[in-house]
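A closer look at the structure
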Amino acid sequence: MPMKVLIVDDTNTDRLLLKLHLAKLGYRTIEASNGKEAIEQFTAHSDDLDLILMDVQMPYLNGFDAVRSIREIQEQQKQEWLPVIFLSASAEDDDVEDGILAGGDDYLIKPISQKILSAKMLAMQRIADMRRRLVESNLVLEELASTDHLTGVANRRAFEVMLEREMSFTRRYGMPMACAIFDLDKFKTINDTYGHDAGDAVLVEVVRRINKNLRDGDVIGRLGGEEFGMILPKMHEEEMLSAFDRYRTIVAEHPVVHEGVEIPVTASIGVAQYTGDNGDKLTLLKRADECLYEAKETGRNKVVYHSE
Ligand SMILES: Nc1nc2c(ncn2[C@@H]2O[C@H](COP(=O)(O)OP(=O)(O)OP(=O)(O)O)[C@@H](O)[C@H]2O)c(=O)[nH]1
C-alpha cells in the first residue's frame with residue numbers, strides 16, 4: 001500500500017509542487033495550509049496516515065508547535081509513532097536541533113531537491129511498512145495471549161477481565177448478573193476410555209455447541225482443563241436456573257461423535273449471582289465453585305444455585 005502523506009505548507013505553489021512530485025512517485029497525499037489545519041487533518045486521518053511533511057514558518061501556528069501538539073495527542077491516545085519531516089529555508093544547526101526536539105524525525109532544506117525528497121520518501125516507506133507489520137503482529141499477539149488455543153474462546157486471564165468489566169457494569173447500572181463455573185463430568189474417564197485426542201475433540205465440540213447457541217451478551221471462557229467460566233449479564237434470580245439448564249441440555253442431549261464413536265458427555269454447573277454489592281470477583285467465583293462442588297457431589301449433570 002503506497003504511503004499516505006500529509007503535506008503542510010502555507011505557500012500554495014510549494015504545496016502543489018510537493019503534491020505533484022509525490023503523486024508522480026505513486027504516493028497518496030492530503031494537504032493543510034497551516035499548523036492548525038495540520039492538526040485537524042492529522043486527527044481526521046490518524047488511522048492511515050504514514051508521514052507528515054511540515055513547513056516550519058507558517059502563520060497562526062508554526063510547524064514546530066503543530067508537531068508538538070500532534071505528539072501530545074499521539075501520547076494521550078497511545079498511537080503509534082508517525083514520522084515527521086520538517087521543510088525549511090533556514091538551515092542553521094539550531095533550527096535542525098529545534099526541529100528534532102519538537103518531535104521531527106528529519107529536516108530538509110528548501111528549495112528541496114527532488115532527488116533527496118525521493119530518496120527520503122523511500123526510506124520513510126520502509127519505516128511505514130515495518131510499522132504496519134509491527135502493528136499487525138501486535139494484534140495477532142494480543143489475540144493469542146487472550147485466547148485458549150484448543151477451543152478458541154477467551155482464556156482464564158481474558159475471561160477474568162470480562163468478568164470484572166461486567167461486574168463494574170452491574171455496580172454502575174444495578175442490573176444483576178450471573179457467573180457460573182461449568183465443568184465436564186468424569187472427563188478423566190473420557191480421556192482414559194477414548195484417548196486424549198477424543199478428549200480434546202469433546203472440549204472443542206462442547207464449546208462449538210455452546211458458542212452456536214450463545215445468547216446475546218453471554219460469554220464463555222476456558223478457566224483450564226475441562227473447566228469453563230460463563231457470564232450471563234442482566235440476569236434475574238428466577239431466570240438463572242433455566243438459562244444455565246439450557247446450556248447444560250445443549251451439551252448433554254447428543255453424544256459427541258469422534259472418529260465414528262459416540263461419546264456421552266454431561267456437564268455440572270455451579271452458579272453465583274452478583275448484585276453489585278455482594279463481594280468481589282474472587283468471592284463470586286468461590287461461590288460458583290462451591291455450587292459446582294455440590295452439583296458433582298449430588299449426581300452431576302445438573303445446575304446448582306443457592307440464593308444468599
Ligand atoms: N484431552 C484433554 N484432557 C484434559 C485437558 N485438560 C485437562 N484434561 C484432563 O481432564 C481431566 C480432569 O479430571 P478430574 O479433574 O479428575 O475431573 P473429572 O474426571 O472430570 O471428574 P469430575 O469433575 O469430578 O466429574 C484430567 O484427566 C486432565 O488430564 C485437555 O486440554 N485435553
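Within an unreviewed UniProt entry, the label attached to the protein chain reads diguanylate cyclase, and the organism entered is Marinomonas alcarazii. Per UniProt, the protein chain carries the Catalytic activity (unreviewed entry) text "2 GTP = 3',3'-c-di-GMP + 2 diphosphate".

What follows covers the pairing of strand 1 (residues 4-8). Counting buried positions along strand 1 yields 4 of 5 residues, so the element is predominantly enclosed. The sheet contact formed by strand 1 and strand 2 (residues 28-32) spans 5 bridges and is parallel. Each residue of the ladder has a partner; that of V8, found in strand 2, is A32. A crossover connection joins strand 1 to the parallel strand 2 through helix 1 (residues 12-24); in handedness this β-α-β unit is right-handed. Sheet topology places strand 1 next to strand 3 (residues 51-55); 4 bridges connect them, and they run parallel.

Let us look at helix 1. Since one α-helical turn is 3.6 residues long, residues separated by three or four positions face the same way. Compared with an ideal rise of 1.5 Å per residue, which puts 13 residues at 18 Å, helix 1 spans 18 Å between its outermost C-alpha atoms and is within 8% of the ideal. Immediately downstream of helix 1, the backbone of G26 shows phi near 95°, a positive value.

What follows is about the site of the ligand. Every one of the 17 residues lining the ligand counts as a neighbour, but D185, F187, K188, G199 and G225 are closest to it. Mapped onto the shell around the ligand, the elements with two or more residues apiece are strand 6 (177-184), helix 7 (187-194) and helix 8 (196-213). When the residues that make up the shell around the ligand are grouped by side-chain class, the tally is 4 nonpolar, 5 polar and 8 charged.

Sheet strands pair via backbone hydrogen bonds, and the direction of the pair is either parallel or antiparallel. Taken together, the 5 strands give an open sheet; going across it, the order is 7-8-6-11-12, and neighbouring strands pair in mixed fashion. Two strands in the sheet have a free side with no partner beyond their single neighbour: strand 7 (219-224) and strand 12 (303-305). Strand after strand, the sheet turns through a mean of 25° between neighbouring axes, direction not considered. Sheet topology note: the strand 7/strand 8 (residues 227-232) ladder contains 5 bridges and is antiparallel. Note on strand 8: the bridge partner recorded for I220 is M230. Running at roughly 135° to strand 7, helix 6 (residues 156-173) makes contact with strand 6, strand 7, strand 8 and strand 11 (267-274) of the sheet.

Quick notes on the rules
- Residues numbered from 1 in each chain as written.
- Predicted model: local features only at pLDDT ≥ 70, side-chain atom pairs only at ≥ 80, totals over all residues.
- UniProt positions renumbered as here; feature names shortened; annotations may be inferred.
- Buried ≥ 20, exposed ≤ 12 C-beta atoms within 10 Å, placed from the backbone.
- Helix = DSSP H or I, 4+ residues; strand = E, 2+ residues; numbered from the N terminus.
- Pairing = 2+ DSSP bridges.
- Right-handed = clockwise from strand over helix to strand, strands pointing away.
- Expected span 1.5 Å × (residues − 1).
- Near = placed C-beta within 6 Å.
- Nonpolar A, V, L, I, M, F, W, Y, C, P; charged D, E, K, R; others polar.
- Axes fitted to C-alpha atoms, helices over the stretch in contact; angles between N-to-C directions.
- Contact = placed C-beta atoms within 7 Å.

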